[in-house]
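Here is how the chains run, residue by residue.
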There are 2 protein chains.
Amino acid sequence: MRLVTISEIEAAAHRVAGTAVRTPLLRQPWASGELWVKPESLQQIGAFKIRGAYNAIAALEDADRARGVVAYSSGNHAQAVAYSAHAFGIPAVIVVPDVAPRLKVDATRRWGAEVVEVPIAEQAPAALAIARERGLTLIPPFDHLDVIAGQGTIGLEIAADLPDVETVLVPVSGGGLAAGIGTAIKALRPGAKVYGVEPELAGDSAESLRIGRRVEWPMERRARTIADGLRAQPSELTFAHLRKVLDGIVTVTEDEIRDTVRALARQARLVAEPSGATATAAFLHHSGELPGGRTVAVVSGGNIDPALLAELLA
Amino acid sequence: MRLVTISEIEAAAHRVAGTAVRTPLLRQPWASGELWVKPESLQQIGAFKIRGAYNAIAALEDADRARGVVAYSSGNHAQAVAYSAHAFGIPAVIVVPDVAPRLKVDATRRWGAEVVEVPIAEQAPAALAIARERGLTLIPPFDHLDVIAGQGTIGLEIAADLPDVETVLVPVSGGGLAAGIGTAIKALRPGAKVYGVEPELAGDSAESLRIGRRVEWPMERRARTIADGLRAQPSELTFAHLRKVLDGIVTVTEDEIRDTVRALARQARLVAEPSGATATAAFLHHSGELPGGRTVAVVSGGNIDPALLAELLA
């Protein structure tokens, strides 16, 4: 299986420049140890997903791109594809489950995308049917080299901004983010360690890496975590990357995630969604399982229900 | 009276590089019109004040700096001076009123500063006495050319990141921030307009600029605003800058400030303190009084009581 290369990630960086925010590394003096966070929550759609989606669309042949794109997602990938299509002035169809939160659906419509609501089990087949019928290109959330390359641009920025980085912590769901960042860091800073972070309640990748092959956790089991962005599972492609580039996976509890959403708001002045807080939670609560030193935790997104944030702050 | 020059601001930029975060400009697509925010809330101390304090200390003669510094403040300037002194490895004494919030005093102590608590009316004389007795240099919060030059580095970054900026909105309290940013913008982008923003309840500078001389509002009157960082008044020095570089001042209501703290958390994923939200509030609620076009609002700080943020989000 062919894995993404550092030159593909560098090409992605040229494509996403001017669209993705060049997020700063923010030193967190309140945490004991040397922690920087990378606030991808500050992207216009509130999450890193813009990097992969935009890169994948930018990499299409002009004629294919002009016909438009389709995606299925109820979360940050939906907004990322809708936003990127809007930026290119091309049509986008987003297939969402009919149970998707109204707020997220509205955010997707804001970018002019056509939203198609279907029962949750029909999302993928509906998107494939639309792609075929209308000649649109499907943009997957993680199972694609161009998407992985786009997420990897975060790794380039970490290596540039903190050249002597020792540890990088990245949330793992479908694995595209960790695959891309891990590839970039291992190419540019081979001495640095890269750890994935998962909720205990969706720890399928930790188990898979331990036994060396992908295990399936049923969706009902993964759905228990508050980290709603981390309920997907790696594909063969992303899992092959994770086996190569990750030095390990740390799992965090629901209480640790909640505590870290609170700490990021109070101490770092960042609004993080539960998924986005997991890597920082690993630094704060699992330092014994990590190599330590100069550490970067990726805050992957900030799309949290305001009522939940209020509850955690009160 | 001598005003700060663009070359002093450029010199300040070299000094603060590596200490102050190079904050990005963040486009806010949810706001109608073309709005970018500059999140100074992401500085390590949670506010822009680090730029001026650090620049003023860096500009001291080596022997003076080595003896140490003193400041009086209960707010963000206290942390800025303590942090900067810590970075230089020099002693710092911070004189705080005995009514200062415990949280802010603790944050100041974190940087190793000696904290001296006195009745609020004795803050300034106590600081001056300590400076004289111990040979320390007083670092004022705004009434100093080096402090103004440090805050002005924000203007350089705005001009670099958005070369065709048309309007810049800046909170006004003691006036150091608006003086510095206004000077930089008028030097580099003479076509752009620079507006100050004040709470209606602390609108002394708006009134002063209208009548062309400084008016005094009694502290009891200014203390009514929720924007606790905007209760100071310009000095002769900062007022002379404001008269030269501001195109006007907009005032915002308490409700508009609260609404904007909420909007910044929900839509921009930024934790802003009430003072820090005022410039964005002017954009959202007073567009009719502003020239419009590509607009940057400075989010000056993020040190908000978590209970207040929770209340505004719920």
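Residues numbered from 1 in each chain as written. Chains lettered and ligands numbered in written order. Predicted model: local features only at pLDDT ≥ 70, side-chain atom pairs only at ≥ 80, totals over all residues. Heavy atoms only, no water.

Draft legend 1. Main features of the overall build of chain A. A tally of helices and strands in chain A yields 14 helices and 10 strands. Relative to its length of 314 residues, chain A is compact, with a C-alpha radius of gyration of 18 Å against a globular reference of 20 Å. Each principal axis of the C-alpha distribution contributes one length, and for chain A these read about 55 × 45 × 40 Å. Residues counted as buried form 62% of the 314 residues belonging to chain A. Total accessible area computed for chain A in this model is approximately 11,400 Å², and 49% of it derives from carbon and sulfur atoms. (Helix = DSSP H or I, 4+ residues; strand = E, 2+ residues; numbered from the N terminus. Rg over C-alpha atoms; globule rule 2.2 N^0.38 Å. Buried < 20%, exposed > 50% of the residue type's maximum accessible area, 1.4 Å probe, protein only. Areas by Shrake-Rupley, 256 points an atom, 1.4 Å probe, with all protein chains shown as cover.)

Draft legend 2. Expanded view of the UniProt feature "domain: Tryptophan synthase beta chain-like PALP" (unreviewed entry) in chain A. Within this structure's numbering, the places UniProt gives as "domain: Tryptophan synthase beta chain-like PALP" (unreviewed entry) are residues 21-301 of chain A. Each end of residues 21-301 of chain A is marked by a C-alpha atom, and these two atoms are 13 Å apart; helix forms 46% of the span and strand 16%. (UniProt positions renumbered as here; feature names shortened; annotations may be inferred.)

Draft legend 3. How the structure looks around the side chain of A:Thr225. Residue and element names in this part refer to chain A. With respect to the helices and strands, the residue Thr225 is situated in the loop between α10 (219-222) and α11 (236-245). Taking the relative accessible area as the measure of exposure, Thr225 reaches 1% and is therefore buried. Here Ala227 takes part through its backbone nitrogen, which lies 3.0 Å from a polar atom of the side chain of Thr225. Residues within four places of Thr225 in sequence aside, it is in contact with Pro199, Leu201, Ala202, Arg231, Glu254 and Ile257. (Polar contact = N/O pair within 3.5 Å; in protein donor to acceptor, adjacent residues only side chain to side chain. Contact = heavy atoms within 4.5 Å.)

Draft legend 4. Inspection of the pairing of strand β3 (residues 69-72) of chain A at higher detail. Residue and element names in this part refer to chain A. In this structure, β3 lies alongside strand β4 (residues 92-97), joined through 4 bridges in parallel fashion. Counterpart to Ala71 in the pairing with β4 is Ile94. As for the winding sense of the linkage, the β-α-β connection from β3 through helix α4 (residues 76-88) to β4 is right-handed. Sheet analysis places β3 next to strand β6 (residues 137-138), joined by 2 bridges and oriented parallel. (Pairing = 2+ DSSP bridges. Right-handed = clockwise from strand over helix to strand, strands pointing away.)

Draft legend 5. Inspection of the interface of chain B and chain A at higher detail. Facing the 29 residues of chain B at the interface are 29 residues of chain A. Carbon and sulfur atoms supply 66% of the area buried between chain B and chain A, which totals about 2,300 Å² over both sides. Summed over the shared surface of chain B and chain A, the number is 0 salt bridges. Those elements giving two or more residues to the side of chain B that touches chain A turn out to be β1 (26-27), α12 (254-267) and α14 (306-313) of chain B. For the side of chain B that touches chain A, the element with the most residues is α14(B), which contributes 4 residues. In the side of chain B that touches chain A, the residues fall into 17 nonpolar, 7 polar and 5 charged. (Buried area = accessible area lost by both parts, 1.4 Å probe. Salt bridge = Lys/Arg side-chain N within 4 Å of Asp/Glu carboxyl O. Nonpolar A, V, L, I, M, F, W, Y, C, P; charged D, E, K, R; others polar.)

Draft legend 6. Summary view of the domain arrangement of chain A. Residue and element names in this part refer to chain A. Domain boundaries assigned for chain A yield domain 1 (6-48 + 144-313) and domain 2 (51-138). Each of domain 1 and domain 2 has a C-alpha centre, and the two are 24 Å apart. Interface of domain 1 and domain 2: buried area, both sides summed, is about 1,600 Å²; carbon and sulfur atoms make up 54% of it. The largest share of the area that domain 1 buries against domain 2 comes from Arg15, Thr19 and Ile45, three residues that together contribute 37% of it. (Domains from an automatic or database assignment.)

Draft legend 7. Structural context of unusual backbone geometry. Residues and elements named next belong to chain A. Within the chain, Arg269 stands out as a residue other than glycine whose phi angle is a positive 55°. With respect to the element layout, Arg269 can be found in the loop between α12 (254-267) and α13 (274-285). On the basis of relative accessible area, Arg269 is assigned to the buried category, the value being 8%.

Draft legend 8. How the structure looks around the pairing of strand β5 (residues 114-118) of chain A. Residue and element names in this part refer to chain A. Where β4 lies against β5, 5 bridges are found, and the strand directions are parallel. When the sheet's bridge partners are listed, Ile94 is paired in β5 with Val115. With helix α5 (residues 102-110) bridging β4 and its parallel neighbour β5, the resulting β-α-β unit is right-handed.

Draft legend 9. Here's a closer look at the packing of helix α1 (residues 6-16) of chain B against helix α7 (residues 145-161) of chain B. All names here are of chain B. Running from N to C, α1 and α7 cross one another at 90°; their axes reach a closest spacing of 8 Å. When the axis of α1 is compared with that of α7, the two are roughly perpendicular. Residue-level inspection shows Ile6, Glu8, Ile9, Glu10, Ala12, Ala13 and Val16 of α1 in contact with α7, the latter providing Ala149, Gly150, Gly152, Thr153 and Leu156. The residue makeup of the contact of α1 with α7, split by class, is 7 nonpolar, 3 polar and 2 charged. (Axes fitted to C-alpha atoms, helices over the stretch in contact; angles between N-to-C directions. Parallel < 35°, antiparallel > 145°, perpendicular 65-115°, else oblique.)

Draft legend 10. Seen up close, the sheet that holds strand β4 (residues 92-97) of chain B. Residues and elements named next belong to chain B. Ordered in space as β5-β4-β3-β6, the 4 strands form an open sheet in which the pairing is parallel. Either end of the sheet is taken by a strand with one partner, and the two such strands are β5 (114-118) and β6 (137-138). With respect to the sheet, helix α6 (residues 123-134) is in contact with β3 (69-72), β4, β5 and β6, its orientation differing from that of β4 by roughly 160°.

Draft legend 11. Just the relation of the copies chain B and chain A, in detail. By a simple turn and slide, chain B fits onto chain A: the slide is 0.0 Å along the axis, the RMSD is 0.0 Å, and the turn is 180°. Taken together, these values place the two copies in the relation of a two-fold axis. Every residue of chain B has its C-alpha some distance from the rotation axis, and the shortest such distance is that of B:Ala310, at 2.1 Å. Most of the interface of chain B is mirrored in chain A, where 100% of its interface residues again form contacts. (Least-squares fit on C-alpha atoms with pLDDT ≥ 70 in both.)

Draft legend 12. Broad picture of the sheet that holds β3(A). Residue and element names in this part refer to chain A. What the 4 strands build is an open sheet, ordered β5-β4-β3-β6; its pairing is parallel. Looking at the sheet topology across the chains shown, the edges are occupied by β5 and β6. Most of the contacts of α5 go to β5, to which it runs at about 150°, and overall it touches β4 and β5. In the packing of helix α6 (residues 123-134) onto the sheet, contacts are made with β3, β4, β5 and β6, and the angle to β4 comes to roughly 160°.

Draft legend 13. Main features of the environment of B:Gly52. Residue and element names in this part refer to chain B. The topology assignment puts Gly52 in helix α2 (residues 49-58). Sequence separation between Gly52 and Thr251 is 199 residues, and the spatial gap between their C-alpha atoms is 25 Å. Once residues lying within four places of it in the same chain are set aside, the contact partners of Gly52 are Asp146, Val147, Gly150 and Gln151.

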